[in-house]
Amino acid sequence: MQHQITFLDTRGGSVRFSCRTEQAISRAAEEAGVLIRIACDNGGCGACQAEMQSGAIRYLAPISEKQRRDRRSGELRYELLCRAVPTEDTTFLIRRPWRRINRQPMSNLLAQLQN
Amino acid sequence: MALTRFGYASLQVMDVDAAARHYVDIVGLRETDRVDGKVYLQAKDNQDHHCIILNPSDSAGLESIGFKVNDPADLDNAAAAAEAAGANVTRIAANEIAGQGEGVQITLPSTHLLTLYYHADKIGYACGMENPDPVGSTETGGKVNHLDHCLISAENPAEVTEFLVKVLDFGQSERAMDPGGNMMISFLFCGNTMHDLALGPGPNGHLHHLAFMVDDRGDVVRGVDLLKEKGVPTFDYGLSRHGIGGVQTVYFHDPSGNRNEFFSGAYVTPGIPDRVPPITWTMDHLTRGAFYYENAVPETFFDETT
Amino acid sequence: MSLKHRGIVQLGYVRIGLNDSRLTKSREFYSDTLGLLETQVSPGRACFRCWHEPQQFSLVIDETPENGLIEVGFQVRDDEDLDQIQARVEATGIPVTRCPADTPLAGLGASISFVIPGGQTLRLFAENRILGYPTGHDSPDWNTPRQLRGTPAPLFINHVAITTPDPAATINFLKEVLEFRLSEILTKDDGSTPLAGLLFRMSKDVGGQEISVFPGDAGRLHHIAFTKEDASDILTDGQYLREDGVNIDIYGPTRQSFGKTFSLHFFDPMGVRLELCSGGRVTENHPEFEPVRWTESNLNKALSFYDNKLNDSFLAASL
């Protein structure tokens, strides 16, 4: 089973990809060539914080509750994409810009050269 | 008298058993005690009861850090000096922290809790205390000798530095200054090593990393191999060298996201403040100072704290 | 009252006398072969420091009619420490000599000196001129300076080893009067008599000692040790030393179980035993710090974890 994930950035950009129900959203994004910032990959450091605009998620393993909260107001604000899996189609506002990655750089280079 | 060494870090973790496995199998510590759901661990070449305490929590982070003093009277003196400097101070009874004598807990200007204590129960070195082989057959993981230092984050590193120097007689070995003359990073010692406690920019109360020392650069290399082979998340550059201090290093994360470091390197400081002017790093050189080979610092490097 | 580190805070320097005309051989060896930085030369004296040291010297060599250890310098915090330690030493019946600044060494502050039970002279001082780090204080490259590459170029002085016919008395004096701590102690098999000890004041990561005591002649030097980054460095350093014809101790590079250092011992042209070391016990200047205990029947393992035979010649003083 798959769900559609949409990332929005603060400047109006967006990207859409699909994510399996047992797959961390960060991994699905990477497979789709969308690299978000991941550091501890263990739900603790907050590098992958994102604001959920619509949809629903659950967590594969415990995450650090304080990283879900706004540091100033203390209100719940973020989800952590390194351990979140979607339970329906979900849209996030990503805190840090993502980077598109070329997953077949050598093949693409050859294709360019052969054209 | 005075502080001797960084004694322990008390960590908050979301899964105590997973954390304990990490600190034993990956870092290479000995599990020394389990009391009231907390796990105590110590490195092979430290003779005290613990250097890490794992506390079950809903969040990752730092519960407190502990420093030893070498005179029981230091506890009262430090409490009085800290209070006079405006800090909140509470008392800790003997064995309130397992394996540890009475202590005082000082709230730093950065809100971190710093515990001072005189006594730690002795468990000896992993190799034994009598006619020991200098290397132990039971060494696991990263073969770390000891917990060496921690880097904590503060909104105002200069303010915390001033407190630690004035009240607790820390000295400063190196520092990084922004173009406006504000102290961004501060490396402080209470013994004769480069640092026992370092401060970086970031949220008050947070942990940036805990550093474990190994003997050789080769041990750092083997440590990175181990981390990669075991799938432990490491910092982007994997193996690197800090220009600051000139040490070989790798950062990685425990299962709750708390950052660890394996490092090696020799560095001697004079043991008292203001004897030797600190090394000063300017922002235009900080890339080399942080990651010497790569000459680049991801802007998130200081942002990702627990 | 805020906390203050007090008493001896650091090993400062070792000062030796060599019968070496105009110190020609010594200056060449310590600069070109060992890789120290020469900081001062005056008639009859040469001063050196390691490339990671901010102070003006950590090794002083005087030209003297006889080879010998002149004194070992330890740094204290301030003159109040000098007063307190002077009183404690005098209370044991040992006379203390006080010297004004720049005497006997230029750039040294006021000092006290005395002869410890082992026969060696210690000098304590609060000031030794700071020249600054050789690699600079402004965003430095913490790399071995170019002119020293291809030599061992140690980072710091690490410790000094002395000999005495009564190790127990010297160890006891260092512990009780100067508040050194033991990191390792070696005794007769019945545990009764201390034969050798490694002592420290510094809480440090490398070497585990500032002064070590071995059985032997009174007043003499066993060796001077310098800090290296790690064991791999020391293996390479052994190659450089041999290339320069240096006499390396038969143990070669080894793990010294007594102290847990990785060590290489060798001799300068005048026969002074030197050591490069890395690793070693992590020390803590704390009264409850417990030493590792050795008995004499384990001496072979204690002195070298790797070698199968005891090297008797290692037990002799060298200066």
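What you see is a predicted model; the values in this text were computed from it and never measured.

Draft legend 1. Fine view of the overall build of chain A. When you go through chain A residue by residue, the secondary structure sums to two helices and nine strands. Helices and strands appear in chain A in the N-to-C order β-β-α-β-β-β-β-β-β-β-α. With respect to the three principal axes, the spread of C-alpha positions in chain A is 55 × 30 × 25 Å. When burial is assessed residue by residue, chain A has 36% of its 115 residues classed as buried. Long-range pairs, those at least 24 residues apart, make up 60% of the contacts in chain A between residues at least 6 apart in sequence.

Draft legend 2. Highlighting the overall build of chain B. Within chain B one finds five helices and 17 strands. By the compact-globule yardstick of 19 Å for 306 residues, chain B fits well, its C-alpha radius of gyration being 18 Å. Viewed in the frame of its principal axes, chain B has a C-alpha envelope of about 50 × 45 × 40 Å. Within the span of chain B, comprising 306 residues, buried residues form 61% of the whole.

Draft legend 3. Main features of the interface of chain A and chain B. Each partner contributes residues to the interface: chain A has 15 residues there, and chain B has 17 residues. Of the residues in the side of chain A that touches chain B, the class split is five nonpolar, five polar and five charged.

Draft legend 4. How the structure looks around the interface of chain C and chain B. At the junction of the two partners, chain C supplies 48 residues and chain B supplies 55 residues. Looking at the side of chain C that touches chain B, the elements with two or more residues in it are β1 (8-18), α4 (231-243), β17 (273-279) and β18 (292-295) of chain C. Broken down by element, the residue count for the side of chain C that touches chain B peaks at four residues, all from β18 of chain C. Partitioning the side of chain C that touches chain B into residue classes produces 17 nonpolar, 15 polar and 16 charged.

Draft legend 5. How the structure looks around the nonpolar core. Residues A9, I52, V69, A78 and C150 of chain B together with L59 and L124 of chain C are the most contacted members of the largest nonpolar core, which totals 174 residues. If you tally residues by element for this core, the top one is β1 of chain C, at seven residues. Dropping the residues within four chain positions of it, I52 of chain B is found in contact with Y8, A9, L11, Y23, L29, L41 and L147 of chain B. Residues I38, I63, L80 and V85 of chain A belong to the second largest nonpolar core, which totals 24 residues.

Draft legend 6. The arrangement of the sheet that holds strand β4 (residues 49-54) of chain A in detail. If you trace the five strands from one edge of the open sheet to the other, you get β2-β1-β8-β4-β6 (chain A), paired in mixed fashion. Strands with a single pairing partner mark the edges of an open sheet, and in this sheet they are β2 (14-20) and β6 (79-80) of chain A.

Draft legend 7. Structural detail: the domain arrangement of chain B. Residue and element names in this part refer to chain B. The domain boundaries assigned to chain B delineate domain 1 (3-117) and domain 2 (146-290). Using only C-alpha atoms to locate each centre, domain 1 and domain 2 end up separated by 19 Å. Taken together, the contact pairs 33 residues of domain 1 with 35 residues of domain 2. The biggest single contributor to the side of domain 1 that touches domain 2 is strand β1 (residues 3-13), with seven residues. Within the side of domain 1 that touches domain 2, the residues separate by chemical class into 23 nonpolar, seven polar and three charged.

Draft legend 8. The arrangement of helix α1 (residues 16-26) of chain B in detail. Residue and element names in this part refer to chain B. Of all the residues in α1, the buried ones are A19, A20, H22, Y23 and I26. Buried residues along α1 sit in contact with β1, β2 (30-35), β3 (38-42), β4 (52-56) and α4 (217-229). Positive backbone phi, at 100°, marks G28, one or two positions downstream of α1.

Draft legend 9. The sheet that holds strand β6 (residues 89-92) of chain B, seen in detail. All names here are of chain B. The eight strands lie next to each other as β2-β3-β4-β1-β5-β8-β7-β6, forming an open sheet whose pairing is mixed. If you trace the sheet from one side to the other, it starts and ends with β2 and β6, each paired once. Shown here is a sheet whose adjacent strand axes are inclined to one another by a mean of 25°, direction ignored. In this sheet, strand β7 (residues 103-107) lies alongside β6 in antiparallel orientation, the contact comprising four bridges. If you follow T90 over to β7, its bridge partner there is Q105.

Draft legend 10. Examining the arrangement of the chains more closely. Of all two pairs of chains in contact, the one with the most contacts involves chains B and C. The two units chain A and chain C never meet; even their closest C-alpha atoms stay 28 Å apart.

Draft legend 11. Focus on unusual backbone geometry. Residues and elements named next belong to chain C. Look at the link from T103 to P104: it is a cis peptide, with omega at 0°. The backbone of D102 shows a phi angle near 65°, a positive value even though the residue is not glycine. Inspection of the secondary structure puts D102 in the loop between β6 (97-99) and β7 (111-115). In the Ramachandran plot, S139 falls in the positive-phi region, its phi being about 45° despite a non-glycine side chain.

Criteria and cut-off values
Residues numbered from 1 in each chain as written. Chains lettered and ligands numbered in written order. Predicted model: local features only at pLDDT ≥ 70, side-chain atom pairs only at ≥ 80, totals over all residues. Helix = DSSP H or I, 4+ residues; strand = E, 2+ residues; numbered from the N terminus. Buried ≥ 20, exposed ≤ 12 C-beta atoms within 10 Å, placed from the backbone. Contact = placed C-beta atoms within 7 Å. Rg over C-alpha atoms; globule rule 2.2 N^0.38 Å. Nonpolar A, V, L, I, M, F, W, Y, C, P; charged D, E, K, R; others polar. Core = buried A, V, L, I, M, F, W, Y, C linked by C-beta atoms within 7 Å. Pairing = 2+ DSSP bridges. Domains from an automatic or database assignment. Axes fitted to C-alpha atoms, helices over the stretch in contact; angles between N-to-C directions.

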